[in-house]
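Coordinate analysis (summary)
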Amino acid sequence: MYSRARFVAILLVAVMPWSLMRLGSTLDPIAIDIAQRHVAPSLGAVFGTDALGRDMFARTTYAAGLSLGVALKSLAVSFALALTLGGSAGLFARRWPDHIISWVASLLFTLPFILILVSLFTIVPPNLSRTYIAIGFIAWAAPARIVRSEVVRLRREPFVVAQRAMGWPRGRVLLLTIVPLLLRPAFLSLLLFLPELIGIEVGLSFFGLGASPPTPTLGRLIYDGMLEFETAWWLAIAPAAMLALLVTSVMSIASDWDRSRDRRAVT
Amino acid sequence: MNRRSKIARLSRIAAARAAWAASLLLGIVIGSFVLFRVVPGDAARVALGQNASEASVERLRSEMGLDKPILVQLADYGRALTHGDLGRSLIDGRNVTGEVSARFLVTGRLALLSAVFSLVLSYLLALLAYKTRSVWPVAVSRIGVLVPSYSLGILAAILAGAFLPWLPLTGGGTGIGGWAALCIPSLVAAAYPIALMTILLRDAVGSAETAPFGVCARAYGFSRLALFHHVLLPPAAVPYLAAWINQLSAIFVAGVVLEVLFTIPGTGSLLLSSVQQRDLTMLQGLLILNSAFFIGLSWFSDMLLRSVDARQQVHV
């Protein structure tokens, strides 16, 4: 029963970036209309307009889609890396592949990632999606540790040993028994990182690593809106509410998963 | 296990972990050397930009030693590094080691204050959640996850300007004024760790409460407050402290952004100006010195948690 609800939730989150961006771009997030500057929220412009008369509803939806999209892309990169690298570290525990992977993981885990990113993009020209892919290549370290220890634990579990004893080949046990059990913990720990990913984008744009100015992203809109908070309060409210909504729904999916695991552990 | 063999075992682990930490640092040094010297192809051209004259690029090239073979350059860099010399700024010739450490002290004060805030406030919120049996302390703490730190920072600056006009908001000297100026940004930087740590502590205390030893202690008739401090908190202490130390690097990232926002002359502002001026030696110094700090910190916290956690000392 709960698996169907989860499927729908994941589908919604996955389709949302695309549909939000489509909605935003049909409404045109960058059309400038100087006659309509700083219009407070009304029936014509639901979320009001900004200093250049751009419609905040179009900008917010487009930005939400874009931010969520790039964040999901970087999560996908980390997820794949965490599974393969963490999994092989666990499989070859205490041998050289494990030592190398754990070494790289603790390097990435220990350093504040903003230092790595800023250093990297001084040399390589930045853009939004490249930045997020780079974050994906940094963020796998924490889930990979979880995956590694899960693999080490699972390999000693009676049901895995039993399958090996029945003569199942190593690869089949790995793919059919161990990997499905890794998906949840790896995905869960990454999901909790998603809000931070969406939020960090403005921090990065201070360093010239965010989206370039006409493109709206959620972080950029909130930041710009906060700077004009006293003259036009509505500018920051809509994107901030959108971010809070996204984060809350992601958190509730994550905590729902956590609960369903607990329930299974009890019964 | 007797005391002496316990100390011997701990020091053996300490040595092994220190070697591991040293190898990480070596990796950073070589990695940053590759990133800043080898990847750009011509680091002097990257530093000076497309419009610089060939003569000035050539001068910088010989000044940086880029005309020597790459391994000689690495050896030179390593030799200077053992004396704590990270070179000079490409822009104005400042000593990189001195500049980075001076800025680091400011960020360090911010991070320290922020770490204290996150420990104290998350403890108080979890205690409140336990004492009042209500969900609002955790709900309040969730602000840190829901709102990004920079917008919380701007909001806090606006609110402080309106309600606490006597509080300085920029700068960051060593006097009372300097510490006061760091209060708001460090409180904001603490928001995210507070959320995570409050939830962690609340969950740990909740599960200890229903565990057999928790039920047993309650049956003895301890007061709720005594139960919290003497029975429920100790088993949660190690994961709680581990989360606290892990969050220091998140505090640092938030601090770097907030420093730019509040114009505090710390690591963040130095990072920003070095990126804008393409000061490669300064960036390399920033990367290496800050990494050294965080690698050292993680070694120290690992050893600290091992020595207080009885579960880690049982030899299996």
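Owing to the predicted nature of the structure, the values given are computational and were not obtained by experimental measurement.

Here's the deal with the overall build of chain B
Assigned secondary structure in chain B consists of 15 helices and 0 strands. Taken over 316 residues, chain B has a buried fraction of 34%. In chain B, once contacts between residues fewer than 6 apart in sequence are set aside, the share between residues at least 24 apart is 73%.

Some thoughts on the overall build of chain A
In terms of regular secondary structure, chain A is built from 11 helices and 0 strands. Helices (α) and strands (β) of chain A occur, in sequence order from the N terminus, as α-α-α-α-α-α-α-α-α-α-α. Counting only residues that meet the buried cut, chain A has 40% of its 267 residues in that class. Considering only contacts in chain A between residues 6 or more positions apart, those separated by 24 or more positions represent 67%.

Observations regarding the packing of helix H13 (residues 267-277) of chain B against helix H14 (residues 280-308) of chain B
Residue and element names in this part refer to chain B. At a minimum axis distance of 9 Å, the contact between H13 and H14 shows a crossing angle of 145°. Crossing geometry of H13 relative to H14 is assigned as left-handed. Every residue of H14 that contacts H13 at Thr267, Leu270, Leu271 and Ser274 is listed here: Met282, Leu283, Leu286 and Asn290. Taken together, the residues of the contact of H13 with H14 sort by class into 5 nonpolar, 3 polar and no charged.

Re the interface of chain A and chain B
At the junction of the two partners, chain A supplies 30 residues and chain B supplies 34 residues. Per-element tally for the side of chain A that touches chain B: the top contributor is helix H4 (residues 113-123) of chain A, with 8 residues. Its residues assigned to classes, the side of chain A that touches chain B shows 21 nonpolar, 9 polar and no charged.

A short note on the packing of helix H5 (residues 96-132) of chain B against helix H10 (residues 191-210) of chain B
All names here are of chain B. The N-to-C vectors of H5 and H10 enclose an angle of 40°; their axes lie 8 Å apart at closest approach. Judged by the inter-axis angle, H5 sits oblique to H10. In this structure, H5 meets H10 at a crossing whose hand is right-handed. Along its contact with H5, which presents Ser118, Leu121, Ser122, Tyr123, Leu125, Ala126, Ala129 and Tyr130, the element H10 presents Pro193, Ile194, Met197, Thr198, Leu201, Arg202 and Val205. For the contact of H5 with H10, the class distribution of residues is 11 nonpolar, 3 polar and 1 charged.

Points about the environment of B:Val147
Take B:Val147: it is sitting in the loop between helix H7 (143-146) and helix H8 (149-163). For B:Val147, a count of 23 C-beta atoms within 10 Å gives the class buried. B:Val147 sits 85 residues away from B:Leu232 along the chain, and the two C-alpha atoms are 31 Å apart. Those residues in contact with B:Val147, other than ones at most four positions away along the chain, are A:Ala240 and B:Leu152.

Brief notes about the confidence of the model for chain B
Across chain B, the average pLDDT comes to 85, with 96% of residues at or above 70. Scored as a whole, the predicted complex attains pTM 0.83, and scored at its interfaces, ipTM 0.81.

Some details on unusual backbone geometry
Leaving glycine aside, a negative phi is the common case for residues, and trans is the common case for peptide bonds. All names here are of chain A. Positive phi, close to 65°, is recorded for arginine 94, a residue that is not glycine. Looking at the secondary structure, you find arginine 94 in the loop between helix H2 (56-91) and helix H3 (96-110). Classification of arginine 94 by C-beta neighbours within 10 Å gives exposed; the count is 9.

Description of helix H12 (residues 224-262) of chain B
Residues and elements named next belong to chain B. Taking 1.5 Å of rise per residue, the 39 residues of H12 would be expected to cover 57 Å, yet its terminal C-alpha atoms sit only 42 Å apart, more than 12% below that figure. Most pronounced at leucine 233, the bend in H12 amounts to some 60°, and the proline proline 234 follows within four residues. Taken from the residues just after H12, threonine 263 is the one with a positive phi, measuring 45°.

Section: the environment of A:Trp234
Of note, A:Trp234 is situated in helix H11 (residues 234-266). The sequence separation of A:Trp234 and A:Met56 amounts to 178 residues, and the corresponding C-alpha distance is 8.9 Å.

Considerations on H8(B)
For H8(B), built from 15 residues, the straight-helix expectation of 21 Å at 1.5 Å per residue is met to within 8% by its first-to-last C-alpha distance of 20 Å. Among the residues of H8(B), those classed as buried are B:Ser149, B:Tyr150, B:Ser151, B:Leu152, B:Gly153, B:Ile154 and B:Ala156.

As for the confidence of the model for chain A
Residue and element names in this part refer to chain A. Averaged over all residues, the pLDDT of chain A is 80; the fraction at 70 or higher stands at 87%. Here helix H1 (residues 2-26) is the element of chain A with the lowest mean pLDDT, 67, and helix H7 (residues 158-165) is the one with the highest, 93. Every residue in residues 263-267 scores below 50 in pLDDT, and together they form 0 contacts with partners more than four places removed in sequence or on other chains.

A closer look at the environment of A:Ala93
Residues and elements named next belong to chain A. Take alanine 93: it is sitting in the loop between H2 and H3. For the pair alanine 93 and valine 151, spaced 58 residues apart in sequence, the C-alpha separation works out to 9.1 Å. If we skip the residues at most four places from it in the chain, alanine 93 touches Asp98 and Val152.

Reading the values: rules and limits
Residues numbered from 1 in each chain as written. Chains lettered and ligands numbered in written order. Predicted model: local features only at pLDDT ≥ 70, side-chain atom pairs only at ≥ 80, totals over all residues. Helix = DSSP H or I, 4+ residues; strand = E, 2+ residues; numbered from the N terminus. Buried ≥ 20, exposed ≤ 12 C-beta atoms within 10 Å, placed from the backbone. Contact = placed C-beta atoms within 7 Å. Axes fitted to C-alpha atoms, helices over the stretch in contact; angles between N-to-C directions. Left-handed = near helix turned anticlockwise from the far one by under 90°. Nonpolar A, V, L, I, M, F, W, Y, C, P; charged D, E, K, R; others polar. Parallel < 35°, antiparallel > 145°, perpendicular 65-115°, else oblique. pLDDT = per-residue confidence, 0-100. Expected span 1.5 Å × (residues − 1). Bend = angle between axes of the 7 residues up to and from the residue.

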